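# Fold and geometry: a report
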Amino acid sequence: MSITIIYGSDGGCTRKIASKIASKINAKTLDIKKAQTADFENCSLLILGCPTYADGDLQTDWIDHYEKLEEANLQGKKVAIFGMGDQMNYPESFVDAIGILYDTVSEKGAQVVGFTENTGYDFSKSQGLREGRFAGLALDEDNQSGKTEARINAWLAQIK
Ligand SMILES: Cc1cc2nc3c(=O)[nH]c(=O)nc-3n(C[C@H](O)[C@H](O)[C@H](O)COP(=O)(O)O)c2cc1C
């Protein structure tokens, strides 16, 4: 199975997590700045990683290069999403980017895998939730870095 992880990162956290995930599942990582539309298509599992910024928006490189995702043919493709956020300082927009990416890829006919429970977090609102579950993996390196490894392992066991 070929797995591609496409991520964007301002501070390096999402890049670090993308590499960590890649090393566990033998995936290729690509910064959204360098990715092409074909990179979204030419893999059997596509993983997207994005931190939330600006009270509920995508990270800027994702915003600047979003047409690459929008132009990709994702019909029937298996897609998993991970989002980085900070539940303490942004409790009303925690990992919103997960929901933004989810809406785009599901509108394009992708099969989104890797929903996770929202227990173990402390936030009040998130656009990343769909019917009470995160539409991907929510990670908080700012406040819960000790939980990241176990969360990733459980998620990968689920999506592989
Ligand atoms: C200016 C600013 C705005 C942020 N806004 C949000 C937000 O709305 N929701 C959230 O969950 N996290 C928010 N965060 C936290 C980041 O998403 C988090 O620190 C993430 O790990 C950063 O990833 P990166 O290092 O890959 O850029 C914000 C951080 C900063 C500095």
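Below is a short write-up of the structure. (Residues numbered from 1 in each chain as written. Predicted model: local features only at pLDDT ≥ 70, side-chain atom pairs only at ≥ 80, totals over all residues. Heavy atoms only, no water.)

The local shell around the ligand holds 20 residues, among which Ser9, Thr14, Tyr53, Ser93 and Asp142 are the closest. Within the complex, 81% of the 650 Å² of free accessible area of the ligand lies under protein. When residues of the shell around the ligand are traced back to their parent elements, those giving at least two are α1 (13-25) and β3 (45-53). Residue contributions to the shell around the ligand peak at three residues, all from β3. Residue classes in the shell around the ligand are distributed as eight nonpolar, eight polar and four charged. (Near = heavy atom within 4 Å. Areas by Shrake-Rupley, 256 points an atom, 1.4 Å probe, with all protein chains shown as cover. Helix = DSSP H or I, 4+ residues; strand = E, 2+ residues; numbered from the N terminus. Nonpolar A, V, L, I, M, F, W, Y, C, P; charged D, E, K, R; others polar.)

Time to look at the pattern of salt bridges. Where charged atoms from two side chains of opposite charge approach closely, those side chains can pair. Under the criterion given, the structure shown has six salt bridges. For Glu141, the salt bridge goes to Lys16, with nearest N and O atoms at 2.8 Å. One end of the pair, Glu141, is in the loop between β10 (137-139) and α6 (148-159); the other, Lys16, is in helix α1, and 125 residues separate them in sequence. The partly exposed category is assigned to Lys16, whose relative accessible area is 44%. Glu117 serves as the salt-bridge partner of Arg133, at 3.1 Å between the closest nitrogen and oxygen. Taken together, the positions of Arg133 in strand β9 (residues 133-134) and Glu117 in strand β7 (residues 116-117) put the pair 16 residues apart, joining distant regions of the chain. Assessed through its relative accessible area of 32%, Arg133 is described here as partly exposed. Among the residues examined, Glu117 registers a relative accessible area of 47% and is labelled partly exposed. (Salt bridge = Lys/Arg side-chain N within 4 Å of Asp/Glu carboxyl O. Buried < 20%, exposed > 50% of the residue type's maximum accessible area, 1.4 Å probe, protein only.)

In the contact formed by α1 and α6, the axes pass within 11 Å of each other and the chain directions differ by 45°. By the angle between their directions, the pair α1 and α6 is classed as oblique. Note on packing geometry: the crossing formed by α1 with α6 is right-handed. Every residue of α6 that contacts α1 at Ile17, Lys20, Ile21, Lys24 and Ile25 is listed here: Thr148, Glu149, Ile152, Asn153, Trp155 and Leu156. Residue composition of the contact of α1 with α6, by class: six nonpolar, two polar and three charged. (Axes fitted to C-alpha atoms, helices over the stretch in contact; angles between N-to-C directions. Parallel < 35°, antiparallel > 145°, perpendicular 65-115°, else oblique. Left-handed = near helix turned anticlockwise from the far one by under 90°. Contact = heavy atoms within 4.5 Å.)

Let's shift gears to the packing of aromatic side chains. Following the criterion strictly, the structure yields eight aromatic pairs and no others. Their ring planes at 70° and their centres at 6.4 Å tell us that Phe82 and Trp155 sit as a pair that is edge-to-face. Of this pair, Phe82 sits in strand β5 (residues 78-84) while Trp155 is found in helix α6, placing the two residues 73 residues apart along the sequence. The same class applies to Phe82 as to Trp155, namely buried. (Phe/Tyr/Trp six-rings, centres within 6.5 Å; stacked < 30°, edge-to-face > 60°.)

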